[in-house]
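Architecture at a glance
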Amino acid sequence: MATLEFKLPDIGEGVTEGEMVQWLVKAGDSVNQDQPLAEVMTDKATVEIPSPTKGTVKELKVKPGDVIKVGATMLVIETGGAGATAVPAKEAPKTTAPAPQAAKTAASTPATKSAPPSNGSNGHNDVYPPVAASHVLASPGTRRLARESGVDINNLKGSGPIGRVTRDDVAKGGGGGLETHSSGTPTKAPGMSIPRAPYQGPQGAVEERVPMRGIRRKIAEKMQLSKHIIPHFSLVDEANVTSLVALREGLKVKAEKSGVKVTYLPFLMKAMIATMREFPKFNASIDDAAEEIVYKKYFNLGFAADTDNGLVVPVIKNADQKSILEISREIVELSGKARANKLAPDDMKGGTISITNIGSIGGAFATPIINHPEVAILGMYKITDRLFLEKDGKVGSVKVMNLSITADHRLIDGAEAARFLKAFIERLENPGVLMLDLV
């Protein structure tokens, strides 16, 4: 009986490793050719890895949560042929679910000076280094490995993109691990600290520890990268959306007859586009390597989608060229794909600014984190009724919505953010003016 060592195949341009999310088979299982064996998450997507042959699973070489390099052995399969072999998959794996939009720091080459093309790419491989005074850059998984290995990560020089410390850097910096005496007690090696024992809760207390894996880990890395690089600040104001509510109610029935559900989000997207034309810095990014501001001449609007697996940001491409109904259809389609874990990597690429609709759940206002390398994110919140006293003494009411703009202070000053938010709100409060901006 022959055995086949199956290695992790090339699963995307610029991808050198992936995280094992879960095995879809176990030792002893019979498998057919092209049957999914495992789900592996990269910086760009979660993919199913298919079997290259028919046989029986003999041994699984990695466990969920492990990071595995492209070309490393994943599992061993017994086949009916003679002689042992080691082969990659026959074809590219099938994409099943995305990682958050920004895990873009795996780009392989530095930025070059060129104007941004109109197809949604910034022409710089999306590598945006941190400012010079920043601390060491590393993913949560790499930091955890350093702690467990007793390595001071702040003393390491990163070999990854934009100086990022990698797992290999930690392994080299630890010199193979801690020194131990015959008693098995770890001792401090040069340049290393002794790892502390895991925290133990109070006696009798109940705790549960769950590994941070898959999309949750990618979200953590993305959020950490954004806060690490971008100096955030936020402004909050309210809009009288009485006229907008009436407009949407008037269009809702007609739209539903066309099979389209119209929410407030497409209207805010159109108001966002018109306002960004007036304030182009909000539709830009910063290329630190080239010391350039990249002004986008296209409008790709991301919207935060809450799923059982975590937050993802699908992108409406060329939203300025689409009608309210077309945007509504696309939002419904992408939201459905997000909930079903069917988003493709391209569905989340190329965003120039993002909107998060926390109001659909609740909350008066928040301070959202910018989706790096974008420079701003808009927050929209729930619509409420506000009573007021009219001049004749009667009580009236209006519909109000809180809105926030969080911006990158490296590019956008507070006064400019305030002017942007004011102009945006004026468009929402006067939908007729907004119609004049539509093309």
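First, a word on what this report is: a plain description of the structure on this page. (Residues numbered from 1 in each chain as written. Predicted model: local features only at pLDDT ≥ 70, side-chain atom pairs only at ≥ 80, totals over all residues. Heavy atoms only, no water.)

**Focus: the overall build of the chain**
- Summing up its helical and strand segments, the chain has eight helices and 22 strands in all.
- The burial tally for the chain puts 45% of its 439 residues in the buried class.
- Summed over its atoms, the accessible surface of the chain is roughly 22,000 Å², and 52% of this surface lies on carbon and sulfur atoms. (Helix = DSSP H or I, 4+ residues; strand = E, 2+ residues; numbered from the N terminus. Buried < 20%, exposed > 50% of the residue type's maximum accessible area, 1.4 Å probe, protein only. Areas by Shrake-Rupley, 256 points an atom, 1.4 Å probe, with all protein chains shown as cover.)

**A short note on the sheet that holds strand E22 (residues 395–408)**
- Strand order in this open sheet of six strands is E13-E22-E21-E20-E16-E19, and the pairing throughout is mixed. With partners counted over all chains shown, the strands left at the sheet margins are strand E13 (232–240) and strand E19 (315–316), one partner each.
- Summarising the sheet, strand E20 (residues 353–357) and strand E21 (residues 376–389) pair through four bridges and their orientation is parallel. When the bridges of E21 are listed, threonine 356 appears paired with glycine 379. (Pairing = 2+ DSSP bridges.)

**Observations regarding the environment of glycine 163**
- Relative to the helices and strands, glycine 163 resides in the loop between helix H1 (140–149) and helix H2 (167–173).
- Placed 25 residues apart in sequence, glycine 163 and alanine 138 show a C-alpha to C-alpha distance of 8.9 Å.
- In this structure glycine 163 touches Leu137 and Gly158, once residues within four positions along its chain are discounted. (Contact = heavy atoms within 4.5 Å.)

**Topic: the pairing of strand E8 (residues 73–79)**
- When you tally the buried positions in E8, you get six out of seven residues, the bulk of the element.
- By the bridge criterion, four bridges tie strand E6 (residues 55–60) to E8 in an arrangement that is antiparallel. Among the inter-strand pairings, valine 57 is bridged to a residue of E8, identified as isoleucine 77.

**Considering the nonpolar core**
- Counting residues in each nonpolar core, the largest one holds 58 residues, and the members touching the most others are Leu268, Met269, Met272, Phe282, Leu301, Leu403 and Phe424.
- Element by element, the count of residues in this core is highest for helix H5 (residues 265–278), at eight residues.
- For phenylalanine 424, the contacting residues outside a window of four places in its chain are Leu268, Ala271, Met272, Thr275, Leu378 and Leu403.
- Listed in part, the 20 residues of the second largest apolar core include Leu4, Val15, Ile68 and Met74. (Core = buried A, V, L, I, M, F, W, Y, C linked by side-chain atoms within 4.5 Å.)

**What about the pattern of salt bridges?**
- For the structure on display, the rule yields 19 salt bridges.
- Between glutamate 221 and lysine 218 there is a salt bridge; the shortest N-O distance is 3.9 Å. Of this pair, glutamate 221 and lysine 218 are both found in helix H3 (residues 214–229), three residues apart, which corresponds to roughly one turn of the helix. The burial state of glutamate 221 is the same as that of lysine 218; both residues are buried.
- Salt bridges sharing partners connect three or more residues here, namely Glu17, Lys69 and Asp168. (Salt bridge = Lys/Arg side-chain N within 4 Å of Asp/Glu carboxyl O.)

**Structural notes on the pairing of E22**
- Summarising burial for E22: 10 of the 14 residues are buried, a large majority.
- Relative to E22, E13 runs antiparallel, the two being bridged by nine bridges. Considered in E22, the bridge of alanine 239 is made with methionine 401.
- Direction of pairing for E21 relative to E22: antiparallel, over a ladder of 12 bridges. Bridging from a neighbouring strand, threonine 384 pairs with valine 400 of E22.
- The loop that links E21 with its antiparallel partner E22 comprises five residues; one of these, glycine 393, has a positive phi angle of about 90°.

**Let's talk about the packing of aromatic side chains**
- Tallied over the entire structure, the rule returns two aromatic pairs.
- When the ring of phenylalanine 279 is compared with that of phenylalanine 420, the centres are 5.9 Å apart and the planes differ by 75°; the resulting orientation is edge-to-face. In this pair, phenylalanine 279 is assigned in the loop between H5 and strand E14 (284–287) and phenylalanine 420 in helix H7 (residues 414–429), connecting sequence segments 141 residues apart. For the pair formed by phenylalanine 279 and phenylalanine 420, the shared burial category is buried.
- Judged by centre distance (3.9 Å) and plane angle (15°), the rings of phenylalanine 282 and phenylalanine 420 are stacked. With phenylalanine 282 in the loop between H5 and E14 and phenylalanine 420 in helix H7, this pair connects stretches of sequence that are 138 residues apart. Each member of the pair, phenylalanine 282 as well as phenylalanine 420, is classed as buried.
- The structure contains a cluster of three or more aromatic residues connected by ring pairs, namely Phe279, Phe282 and Phe420. (Phe/Tyr/Trp six-rings, centres within 6.5 Å; stacked < 30°, edge-to-face > 60°.)

Distances and angles like these do not, on their own, reveal function.
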